[in-house]
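Residue-level structure breakdown
If you want the building blocks of each chain, they are given just below.
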Amino acid sequence: MSYIDQIDLQRVPRHIAVIMDGNGRWAKGKGKLRVFGHHNGVLSVRDVVEAAGDLGVEYLTLYTFSAENWNRPKLEVTAIMELLISTLNKEIAKLMKNNVRLNAIGDLDKLPGKCHRELEAAIEKTSVNTGLTLTLALSYSSREEIVHAAKELVAKVQSGELQLEDINEQMFEDNLYTSGMPNPELLIRTSGEYRISNYLLWQIAYAELYFTQKLWPDFRREDLFEAILDYQKRERRFGKTSEQVN
Ligand code: FPP
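Criteria and thresholds
- All residue numbers here refer to positions counted from 1 along the written sequence of the relevant chain.
- Predicted model: local features are reported for residues with pLDDT of at least 70 only, side-chain atom pairs are reported and counted for 80 or more only, and whole-chain, interface and lining totals are derived from all residues.
- Heavy atoms from the whole structure form the basis of all side-chain values; hydrogens and water molecules are not counted.
- Proximity criterion: a residue is near a molecule or strand once any of its heavy atoms comes within 4 Å of it.
- Pairs of N or O atoms within 3.5 Å make up the polar contacts considered here, provided that, within protein, one atom can donate a hydrogen while the other can accept it, and that residues adjacent in sequence are counted only when both atoms are side-chain atoms.
- Surface accessibility in these figures is a Shrake-Rupley result with a 1.4 Å probe; residues are shielded only by whichever protein chains are displayed.
- Working definition: helices are DSSP H or I runs of at least four residues, strands are E runs of at least two. Numbering for both runs from the N terminus.
- Think of it as three bins: nonpolar holds Ala, Val, Leu, Ile, Met, Phe, Trp, Tyr, Cys and Pro, charged holds Asp, Glu, Lys and Arg, and polar takes everything else, Gly as well.
- Only one rule defines a salt bridge in this text: a Lys or Arg side-chain nitrogen within 4 Å of an Asp or Glu carboxyl oxygen.
- Using a 1.4 Å probe on the protein chains alone, a residue whose accessible area is under 20% of its type maximum counts as buried, one over 50% counts as exposed, and one in between counts as partly exposed.
- Here the rule is simple: two strands pair whenever DSSP picks up at least two bridges between them.
- Interaxial angles span 0 to 180 degrees and are taken between N-to-C directions of axes, which are lines fitted to C-alpha atoms, for helices over the stretch in contact.
- Side-chain atoms within 4.5 Å link the members of a nonpolar core, which is a set of buried Ala, Val, Leu, Ile, Met, Phe, Trp, Tyr and Cys residues.
- Only heavy atoms enter the contact rule, under which two residues are in contact if any of them lie within 4.5 Å.

The subject of this paragraph is the site of the ligand. Not every one of the 16 residues close to the ligand is listed here, only the nearest: D21, G24, R25, R34 and R72. R72 has a polar side-chain atom sitting 2.7 Å from an oxygen atom of the ligand. Look at the ligand: alone it shows 620 Å² of surface, and the protein chains cover 92% of it. Listing elements by their share of the shell around the ligand, those giving two or more residues are helix 2 (23–29), helix 3 (34–55) and helix 4 (74–97). Taken together, the residues that form the shell around the ligand break down as five nonpolar, seven polar and four charged.

Turning our eyes to something else, we now look at the environment of T87. With respect to the element layout, T87 can be found in helix 4. When the C-alpha positions of T87 and L62 are compared, they lie 14 Å apart, and in sequence the two are 25 residues distant.

This paragraph deals with the pattern of salt bridges. The final tally for this structure, using the stated rule, is 16 salt bridges. The closest approach of N and O atoms between R25 and D21, which form a salt bridge, is 3.4 Å. Assessed through its relative accessible area of 37%, R25 is described here as partly exposed. Of the charged contacts, one joins E193 and R25 as a salt bridge, the two residues approaching to 3.3 Å between their closest N and O atoms.

Along the chain, I92 falls in helix 4. Judged by relative accessible area, which is 17%, I92 ranks as buried. Separated by 75 residues in the primary sequence, I92 and A17 have C-alpha atoms spaced 21 Å apart.

Counting buried positions along strand 2 (residues 59–66) yields seven of eight residues, so the element is predominantly enclosed. Here strand 1 (residues 15–19) runs beside strand 2; their pairing, made up of five bridges, is parallel. Along strand 2, the bridge assignment pairs I19 with Y63. The pairing of strand 2 with strand 4 (residues 133–140) spans seven bridges and is classified as parallel. Residue F65 lies in a different strand from strand 4, and its bridge partner there is L138.

Right, let's talk about the sheet that holds strand 5 (residues 186–189) for a bit. Taken together, six strands build an open sheet; the order of strands is 3-4-2-1-5-6 and the sheet is parallel. Two strands lie at the open edges of the sheet, namely strand 3 (101–105) and strand 6 (208–211), each paired on one side alone. This sheet shows a mean twist of 20° between the axes of neighbouring strands, independent of strand direction.

With that settled, consider the nonpolar core. Counting residues in each nonpolar core, the largest one holds 47 residues, and the members touching the most others are I16, L60, L119, L134, I188 and L224. Considering every element that reaches this core, the biggest residue donor is helix 4, with eight residues. In this view, I188 contacts I16, A17, V18, I19, Y210, F219, L224 and A227; residues no more than four positions away in its chain are not counted.

Here we come to the pairing of strand 1. Burial runs high along strand 1: five of the five residues are buried. Both faces of strand 1 are covered, namely the face carrying H15, A17 and I19 and the face carrying I16 and V18. Sheet topology places strand 1 next to strand 5; four bridges connect them, and they run parallel. If you follow V18 over to strand 5, its bridge partner there is I188.

What follows is the structure, given as structure tokens:
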């Protein structure tokens, strides 16, 4: 029986976050430049977005470019930004056809002007869609996001709009870039690395973590189904005992 036939469609995670890792190593293994890996990584993005939509996943959040990634060689950074633009242009019709709503989180002002503009235009165009919300984390740092939220709250306290005693977890969450989204139930990282790398630190407090040896350009819909099946076999206790949960 294939993986998809074993998935309980009533218990598919609402939100799946992915750390797409291993593009460089994949390319190197083939004797190619790192950029070749990123280009092939886009094919995995396409497959996984479609598969997530087919399963009724509501939110898919992809770690596309971290704040730390700006420190990579200039040539690679430029190539990724250009790839982002060309991918948006190529895929926008498909996003519309598949009812996908595009979204982005991160310090987007740091993106090159053309990239930022095209991204905003694609987000605007797909805002009418009601299916999967595809969020690209771009120039993203979770610690930066948390500091940003703290500053927002302090500003509200200073202006008298908010009382210090009234600040709670929900209010803090409402000031993160992911405001309005449910927290991910499942976080997938490819390429055999066991790290979180400054990704959605607040939001994954209770997420199930799934690590696979597969490099991102090799990760396809079957691999997503396998990760979801693994998630469905786990017991999510949220600090309670097994007996309480069952
Ligand atoms: C991690 O692999 C991948 C990235 C930093 C870039 C991810 C970008 C894409 C998949 C392409 C663009 C995506 C969209 C949505 C248009 P790595 O380079 O860190 O690999 P390594 O660890 O093997 O060096």
